[in-house]
Amino acid sequence: MRSPDDMVGRSGRRVPGPRVRGWVVAVLVVVVCLALSARAIAGFYTDYLWFDSLDYTEAWSRVLLTKVGLVVVFSALFFVALFVNLLIADRVAPPTLRGPEDEMLARYRDFVEPRQRLLRFLVCLLFGLVAGAGASGQWNSWLLFRNGGSFGEVDPLHERDIGFYVFKLPFLSYVLGWAFASAIIILLVVTVVHYLNGGIRLQVNGQRVTPQVKAHLSVLLAGIALLKAADYWLERYQLVLSDRGAVKGATYTDVNAQLPAIQLLILISILSAVLFIVNIRQRGWTLPIVALGLWGLVAIVAGALYPWFIQTFQVSRKQSAREAPYIERNIQATQAALGLDDVKLDNFDYTDLPSDQAISANADTIRNIRLLDPGVVDRTYKSLETQLNFYRFTDMDVDRYPIGPDGAETQVVLGTRELNTAELPDPKTWEREHLIYTHGYGLALAPANEVTTKGRPEFLVGGVPIAIDPSVASVVPIDRPEIYFGDDLDDGNDAGYAIVKTTRQEESGENADGTQPDDGTDSEYEGDGGVLLKGFLRRAAFFLRFGDLETLTSDYLTPESRIIYTRDITRRIEKVAPFLTLDNDPYPVIADGRIKYVADGYTTASTYPYGEDIDTTQLEPSAALRTSTFNYVRNSVKVVVDAYEGTVDLYLADELYGGRRDPVVRAYAAAFPELFKSFEDMPEEIKPHLRYPEDLFRMQTAAWGTYHIEDPEDFYAARDRWDVAQDPGTEVNASASAQTIGQTRDRIDPYYLIMRLPGEERESFLLFRPFVPHSDNDSKREMVSFMVGMSDASNYGQLRTFTMTQLNADGSRERNGNVDGPLIVNDNILSDTNTQVSQTISLLESGGSKVDLGNLLIVPIDTGLLYVRPLYVRADAEDSVPELRKVVVSMGQRVEVGDTVDEALRLIFPTAAIPQTSGPSDTPESTSEPGTASDDPTELIRRSLELFDEADAALKEGGSEGLEQYNEKIAEAQDLVRQANQALAGAAPVEDEAVVDGQATTTTAAP
């Protein structure tokens, strides 16, 4: 007889047999599956190429293999456990089923029996995959569990190393929770199978469960009880994270009631397991029911009611006394977990007005007072330095460079000129978006302490093509101004990819008529960033990833072409090191002739014993640290990203903070040895620009207001608690500034200063934030202290707190509670009784102009506090350019206004040697002889009115040229008004005294 494979149809063609048809179906299924998952496969492959371009494939593969390995292990464990139990269930099934009530079960067995092995395998595989899939999310916990070491400190309750809680406890808790849940699922599945096999017969009288099934279920219940005992054992350690008491951690009730109850529950769980085993030889289910009943009773009475009784009737009535030792533990742990255990405490012997000699001794501090407020002048940078529509400035940053007199460190405000893909010239073709407009260009940099005669930033670096002032060319050389990788460059996705080294010339822009500008910015990429597009396979993979057919078909591409994607520096770092949380403010640095970005990376943990959860509410809403809860944080990594080639270098920086190692980052370094570099390997050009990270300082200052109190009784009573000082805001109207009592305000943001701290011999670059006494309604506004975070190489990472004190004649020292805080000083400045400031603002706002207030800066000088607030003037238009016109200074009860800081300060300290700064006052004065019409106040006012009218006419003409003329004429008119006011004054100013918020305030006004 012929094989079916040899049979032919009536047409004479061979008819495929069943085996051939099966192979055809299998191949078709594989092809369909590959087609459906082609994009995912392309994404996986291009991710590999991306990591390979950075030489980080080991780190990528380790994370991937860890995820896959965890899924495989946990799935296999569940598969084996369920398979063995189902095998046992089938082996102990009754051989026959009798009675009419078993007819349905008999039909089930007839159907299943021929396919029993296959069905058992498929059921176990399905449940195993479901049970193990979630384990991939534990890759981070597993790596810490495996590589984590010792903290060198023990918790005060169990005397276990803190490393156990941070590295071991999270993964162990997950494993036990997973095992307990898996055991419950297996018990339920096995029970159903026993019923289907006839081992459990609910419809009959007498014995409803066979002895074999009873033994099987009893063993499973005993295993569940033992797993619960192990879970209780771990729960003892989790008490150090309890939030039951006055503070986080194991407090009085946890230690004296909850802990004994847990220990009792461990014994009950073990006893229950024994009773389940003994039950195998007993009739009925009496023992298991007794075990479960006893277990539940103890859990309710000992585990819940007894701790509640102790907390309610013993602790709550004397909580401060009973929980004092546990509050002390919380204070010490929270300080250590947040890096506040080594804060240097100092006194600030406040005086209203230091001597003129003291002011002279701090000339460099005064010279470096920042007049350019990044929040205000960002519009100036965007208007004057964007140059072309498809560029943009996303953020202004503060740094320091040796560009002052004799190379002195000077604060600067700088921003990078990023590519703005949303404003590319129309039509937005694939060629334009990905081949021509590929990068941003250069940056704008200006000293923060001076402006031009028009009140605008004095740009030392800027323009397209880039121009560098000869005086700083050796300090800030930029050979590669192109920015292929930047801040917020691809808006959270890879759609903004660029392809370089093509046959299509890269351009930096087009004129409005579509012609190419002769600006010298056309470029050809010469770096090694991105992924080579050699070969059909790679081009096809990127076509599938991005969905652009041109990546596969364009004639512009060559084997040397490189595709650049994941260009946003934050996403780039997060992709390389997903275990780090990044600071919200990466900043650019000029180093090695290029623009490089520096980002601060944080390691966090949520299981530090007795550590209070860290307050993140004062972070910016976009800060990554706000999205998680943690009670331990360290800034242990400094990341440098090259804006031209996109290299990502991670440097271990934990020892910068007092020389203490961060065990968490060291665990990651052990897991990813190829990922981290020693801090000593950081380029020397980068190190002088490291800054104390702002997000860390925000969290530390928010916590320090409470955790500077070390006495448990004072801590509980909230005695001497501080708040970060209120933000005075930017309202010009005094009534808006003077906040009504009973309402709360935002907190003042930290800011960078170059200043000399009391007792120091030289200036330091530091981060500053003041404190006021705590009040629920912000009624307390006196300054009680300020904290600084040091950023210089010699003292980097050191935190110092200066408390307001007064030095008595007998040499004794006491707290000073009468120092005006930022809100009081701001109200004094903007008070209606302060005619000098109010008249100045009125004059500046004449002719339709608007006044913007800059930051109210607090600059400690010797034993005094100098408050500085710049006044900017702009046209009443959305895209107008703010220009610095006046500077208000306040010290003690004196308030003065000048064109520059030195001019205003000389009114307070007439004999001090104050360095002269440039500013609007440098505008050339009239050259007319005295007594001519130009010195006549009437003539000056008449001419200023004409200029105001000319400015309005220029503004109506529109366009950038009209706006430029408007600003120039407004500035000239305001200068004439100032001259008229001085001429009308005629005599020396007189001082008026007013009372604001109960405080005497001296203001200077013309008679």
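Worth saying up front: this structure is predicted, and the values here are computed from it rather than measured.

## Considering the packing of helix H3 (residues 57-91) against helix H5 (residues 116-133)
The geometry of H3 relative to H5 is characterised by a closest axis approach of 8 Å and an angle of 145° between their N-to-C directions. In the packing of H3 onto H5, the handedness of the crossing is right-handed. Judged by residue contacts, Val71, Phe74, Ser75, Phe78, Phe79, Leu82, Phe83, Leu86, Leu87 and Asp90 of H3 engage Gln116, Arg120, Phe121, Val123, Cys124, Leu125, Phe127, Gly128, Leu129, Ala131, Gly132 and Ala133 from H5. Class assignment of the residues belonging to the contact of H3 with H5 gives a composition of 16 nonpolar, four polar and two charged.

## Brief notes about unusual backbone geometry
Proline 427 follows aspartate 426 through a cis peptide bond whose omega is -5°. In this structure, proline 427 sits in the loop between strand E5 (418-419) and helix H16 (430-436). Of the consecutive residues valine 464 and proline 465, the connecting peptide bond is found in the cis state with omega at 0°. Even without being a glycine, aspartate 55 presents a positive backbone phi close to 65°. With respect to the helices and strands, the residue aspartate 55 is situated in the loop between helix H2 (38-53) and H3. The residue tyrosine 610 is not glycine, and still its phi comes out positive at about 70°. Its location among the elements puts tyrosine 610 in the loop between strand E16 (594-605) and strand E17 (632-642).

## So, a nonpolar patch on the surface
Among the surface-exposed residues, Leu226, Ile270, Leu271, Val274, Val278 and Leu294 lie close enough to one another that they form a single nonpolar patch of about 460 Å² accessible area. It is helix H9 (residues 252-278) that provides the largest number of residues to the nonpolar patch, a total of four residues. Examined against the element boundaries, leucine 294 turns out to sit in helix H10 (residues 286-315). The exposure class assigned to leucine 294 is partly exposed, which follows from its relative accessible area of 33%.

## Section: the nonpolar core
Counting 236 residues, the largest nonpolar core has Leu650 and Phe676 as the members making the most contacts within it. Among the elements that take part in this core, helix H7 (residues 162-197) stands out by supplying 16 residues, more than any other.

## Notes on the packing of aromatic side chains
Counting across every chain of the model gives 46 aromatic pairs. Measuring from centroid to centroid gives 5.2 Å for phenylalanine 579 and phenylalanine 672, while their planes differ by 15°, and the two rings are stacked. Here phenylalanine 672 lies in the loop between helix H20 (663-671) and strand E19 (676-677) and phenylalanine 579 lies in the loop between helix H19 (569-576) and strand E14 (581-582), a separation of 93 residues in the sequence. Like phenylalanine 579, the residue phenylalanine 672 is buried in the burial classification. Considering the side-chain rings of tyrosine 752 and phenylalanine 765, the 5.3 Å spacing of their centres and the 0° angle between planes classify their relative orientation as stacked. In this pair, tyrosine 752 is assigned in strand E21 (residues 751-755) and phenylalanine 765 in strand E22 (residues 764-773), connecting sequence segments 13 residues apart.

## Structural notes on the confidence of the model for the protein chain
Chain-level pLDDT for the protein chain is 86 on average; 86% of the residues reach the 70-or-more range. Here residues 509-516 scores under 50 on pLDDT; set against residues more than four positions off or in separate chains, the count is 15 contacts.

## Observations concerning the pattern of salt bridges
Taken as a whole and judged by the stated rule, the model has 46 salt bridges. Of the charged contacts, one joins arginine 660 and aspartate 341 as a salt bridge, the two residues approaching to 2.8 Å between their closest N and O atoms. In this pair, arginine 660 sits in the loop between strand E18 (648-652) and H20 while aspartate 341 sits in the loop between helix H12 (324-337) and strand E1 (344-349), placing the two residues 319 residues apart along the sequence. Taking the shortest distance from any N to any O, the salt bridge between arginine 800 and aspartate 346 comes out at 3.2 Å. Of this pair, arginine 800 sits in strand E24 (residues 799-807) while aspartate 346 sits in strand E1, and the two are 454 residues apart along the sequence. For the residue pair arginine 800 and aspartate 346, the accessibility class agrees, reading buried in each case. When salt bridges with common partners are traced through the structure, they connect Glu620, Glu694, Arg698 and Asp749 into a single cluster.

## Focus on the environment of threonine 46
Examined against the element boundaries, threonine 46 turns out to sit in helix H2. A relative accessible area of 0% places threonine 46 in the buried class. A C-alpha to C-alpha distance of 6.8 Å links threonine 46 and alanine 541, two positions 495 residues apart in sequence. In this structure, threonine 46 is in contact with Ala541, Phe542, Arg545 and Tyr565, ignoring residues within four places of it in sequence. A polar atom in the side chain of threonine 46 sits 2.6 Å from the side chain of arginine 545.

## A word on H19
For H19, the set of buried residues is Ile569, Arg572, Ile573 and Val576. When H19 is viewed along its axis, its buried side chains cluster within an angular range of 95° and face the same direction. For H19, the elements touching its buried residues are H2, E14, E16, E17 and E18. The opening residue of H19 is aspartate 568, an N-cap whose side-chain oxygen sits 3.2 Å from the backbone nitrogen of threonine 570.

## Side note on the pairing of E18
By the criterion of burial, E18 is predominantly enclosed, with five of the five residues buried. Of the strand pairs in this sheet, E17 and E18 are connected by five bridges, and their pairing is antiparallel. Considered in E18, the bridge of valine 641 is made with valine 648. Hairpin connection, E17 to E18: the antiparallel pair is bridged by five residues, and glycine 646 has positive phi, about 80°. Relative to E19, E18 runs parallel, the two sharing two bridges. Within E19, the residue paired with leucine 650 across the bridge is phenylalanine 676.

## Comments concerning the environment of leucine 287
Note that leucine 287 resides in helix H10. Spatially, the C-alpha atoms of leucine 287 and valine 274 are 9.8 Å apart, while their sequence positions differ by 13 residues. If we ignore the near neighbours within four places in the chain, the residues touching leucine 287 are Leu275, Val278, Asn279 and Gln282.

## Focus on the pairing of E17
The element E17 is largely enclosed, with a buried count of 11 among its 11 residues. Here E16 pairs with E17 via 10 bridges, running antiparallel. From the neighbouring strand, aspartate 600 faces E17, where its bridge partner is lysine 638.

## Considering the sheet that holds strand E12 (residues 531-532)
The strand order across the open sheet built from three strands is E11-E13-E12, with neighbouring strands paired in antiparallel fashion. Of all strands in the sheet, those with a lone pairing partner are strand E11 (498-500) and E12, marking the two edges. Two elements, E12 and strand E13 (residues 562-564), share two bridges in a ladder whose sense is antiparallel. Each residue of the ladder has a partner; that of leucine 532, found in E13, is arginine 562.

What counts as what
- Residues numbered from 1 in each chain as written.
- Predicted model: local features only at pLDDT ≥ 70, side-chain atom pairs only at ≥ 80, totals over all residues.
- Heavy atoms only, no water.
- Axes fitted to C-alpha atoms, helices over the stretch in contact; angles between N-to-C directions.
- Helix = DSSP H or I, 4+ residues; strand = E, 2+ residues; numbered from the N terminus.
- Left-handed = near helix turned anticlockwise from the far one by under 90°.
- Contact = heavy atoms within 4.5 Å.
- Nonpolar A, V, L, I, M, F, W, Y, C, P; charged D, E, K, R; others polar.
- Patch = residues over 30% accessible without salt bridge, like charges linked within 9 Å, V, L, I, M, F, W, Y side chains within 5 Å.
- Areas by Shrake-Rupley, 256 points an atom, 1.4 Å probe, with all protein chains shown as cover.
- Salt bridge = Lys/Arg side-chain N within 4 Å of Asp/Glu carboxyl O.
- Buried < 20%, exposed > 50% of the residue type's maximum accessible area, 1.4 Å probe, protein only.
- Core = buried A, V, L, I, M, F, W, Y, C linked by side-chain atoms within 4.5 Å.
- Phe/Tyr/Trp six-rings, centres within 6.5 Å; stacked < 30°, edge-to-face > 60°.
- pLDDT = per-residue confidence, 0-100.
- Polar contact = N/O pair within 3.5 Å; in protein donor to acceptor, adjacent residues only side chain to side chain.
- Arc of directions from axis to C-beta.
- Pairing = 2+ DSSP bridges.

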